[in-house]
Amino acid sequence: IHRCHNKSLFTFDCNNNNNKINNNTNKTNNNKKKNAPNNSTFSFSRRAVVSSPGLSRRTSSPSSPPTLSLYDETTFVGGSNLKMSSPAGEDVPCDVVIIGGGPAGCTCALYTSRANHKTVILDKNPSAGALAITSTIANYPGVDPTTSGTALLDAMRQQAVEYGADYRKAQVFLLEVDEESEVKSVYTPEGTFRAKCVVFATGALGRKPTIKGEAEFLGKGVSYCATCDGAFYQESPVAVVGTTQEAMEEAEFLTKFASTVHWVTPTTIPEDNMSMKELLSYENVKQWTRTRIVSIEGDVSGVTGAKLLAVGKDPEEAEDLDVEGVFVYGEGSTPITDYIGSNIKLNENGGVQVDEEMATNVPGVFAIGDIRNTPFKQVVVAAGDGCVAAMAIDKYLKGRRKIKVDWIHR
């Protein structure tokens, strides 16, 4: 899997309190912040809590080197720059603060650190991102196709740390921009990080699981990305659930691999829909219209089938469908922008609006990766975003007009 969306493993728990920050302290008091500074251009509300069922973390004792356990059997080895959190009330000046520690954030940190910019990564949970819970990476350039998402992300993070990035496990709940000095203050319960540049790299969040067995077999036959996983189903029957344009395009992609693509659509699609006509022109596509999958079946080996129920039929009339993979496409994904104030412009699809240098409409504020909500949700694309932003940040901080690369062809 190169970039499985893994939308369903996340749950959203929003706290809509109108939080403000106190002028004289960074400590929270019952999650209520008082007396917001008057010099703030905009502020961000308290960030939603994103959790991932089934994943756990462990921390070492205070006297030992910090470690992160992404899964019970996988431990990330910490270095001198890797910290689980900052001491309460700590005030950390730096050049760049990156909110989010996925492939986009880690790549950006790698480049900014190499350019000698003091960089801090604030990562709420290193095991909750889409890459961290991906089983194998089959099409990331130069990487062994048996490499797990966790292993690749660990390597990215460690490489950034080795070049000087300061990794912190911390929850961001507020950001302020001083209009005069252009300093951005990023507040966490443990401390405040003040930087000249801030990068949003918190990714996107999808819908919750709605089909029985969907969460249980995620990564074991259930997928949200045919581009990522289609090649694993050579001459095997699969099901595609959904009526969106994305669902039809992904189903068409699967026709190159699967013996039969069972397209399950709970509603009727207009007959003049060209995408539908093109999809149904393939001999190995079978449409189940006005039908839904009520459960996904399987065992320790993964998905072995599904149960279909036509609209208006009784539950006992559900049919068995023999498939080895189920690709589920709900109504898109939602960028995690709940902590972003109204001053940051968003696109119609909810993604953060950026220019070709990944810069937002606020000077010194950048956005990279899935938070932009482009159709290209791949690890290599997220990493590319991070590189572009980092080079633009270097130009911004040094007051140059042009991007400077660290290599030149002679």
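For the structure itself, consult the block above.
Below you will find a few notes about this structure. (Residues numbered from 1 in each chain as written. Predicted model: local features only at pLDDT ≥ 70, side-chain atom pairs only at ≥ 80, totals over all residues. Heavy atoms only, no water.)

Details of helix α2 (residues 149-162)
Step number 1: In this model α2 runs 20 Å from its N-terminal to its C-terminal C-alpha over 14 residues, within 8% of the 20 Å that 1.5 Å per residue would give.
Step number 2: For α2, every residue scored as buried is listed here: Gly149, Thr150, Leu152, Leu153, Asp154, Met156, Arg157, Ala160 and Val161.
Step number 3: Where α2 terminates, the next one or two residues include Gly164, which has phi positive at roughly 115 degrees. (Helix = DSSP H or I, 4+ residues; strand = E, 2+ residues; numbered from the N terminus. Expected span 1.5 Å × (residues − 1). Buried < 20%, exposed > 50% of the residue type's maximum accessible area, 1.4 Å probe, protein only.)

Here's the deal with the sheet that holds strand β20 (residues 291-299)
Note on sheets: strands pair through backbone hydrogen bonds, and any given pair is parallel or antiparallel.
Step number 1: The strand order across the open sheet formed by three strands is β20-β21-β22, and the pairing between neighbours is antiparallel. Across the chains shown, the open sheet's two edge strands, defined by having one partner strand only, are β20 and β22 (319-321). The mean inter-strand angle of the sheet, taken between neighbouring strand axes irrespective of direction, is 30 degrees.
Step number 2: Of the pairings in the sheet, the one linking β20 to strand β21 (residues 302-310) comprises eight bridges and is antiparallel in character. Bridge pairing in β21 places Ile296 opposite Ala306. (Pairing = 2+ DSSP bridges. Axes fitted to C-alpha atoms, helices over the stretch in contact; angles between N-to-C directions.)

Here's the deal with the pattern of salt bridges
Step number 1: One pass over the full model with this rule turns up nine salt bridges.
Step number 2: Residues Arg168 and Glu90 are paired through a salt bridge, measuring 3.2 Å at the closest nitrogen-oxygen approach. With Arg168 in strand β10 (residues 166-169) and Glu90 in strand β7 (residues 90-93), the pair connects residues that are 78 residues apart, well separated along the chain.
Step number 3: As a salt-bridge pair, Arg372 and Asp385 come within 3.0 Å of each other at their nearest N and O atoms. Residue Arg372 is located in the loop between β25 (365-367) and α6 (379-398), and its partner Asp385 is located in helix α6; the two are separated by 13 residues in the primary sequence. (Salt bridge = Lys/Arg side-chain N within 4 Å of Asp/Glu carboxyl O.)

Quick notes on the sheet that holds strand β17 (residues 238-241)
Step number 1: The strand order across the open sheet formed by five strands is β16-β23-β17-β18-β19, and the pairing between neighbours is parallel. What marks the edges here is a single partner per strand, and that holds for β16 (222-223) and β19 (285-289).
Step number 2: As judged from the five bridges shared by strand β18 (residues 261-265) and β19, these two strands associate in the parallel manner. For Thr265, the partnering residue across the bridge sits in β19 and is Thr289.
Step number 3: Sitting on the sheet, helix α4 (residues 245-254) is in contact with β17, β18 and β23 (325-328), with an inclination near 165 degrees to β17. (Contact = heavy atoms within 4.5 Å.)

Function cannot be inferred from these measures alone, as they are strictly geometric.
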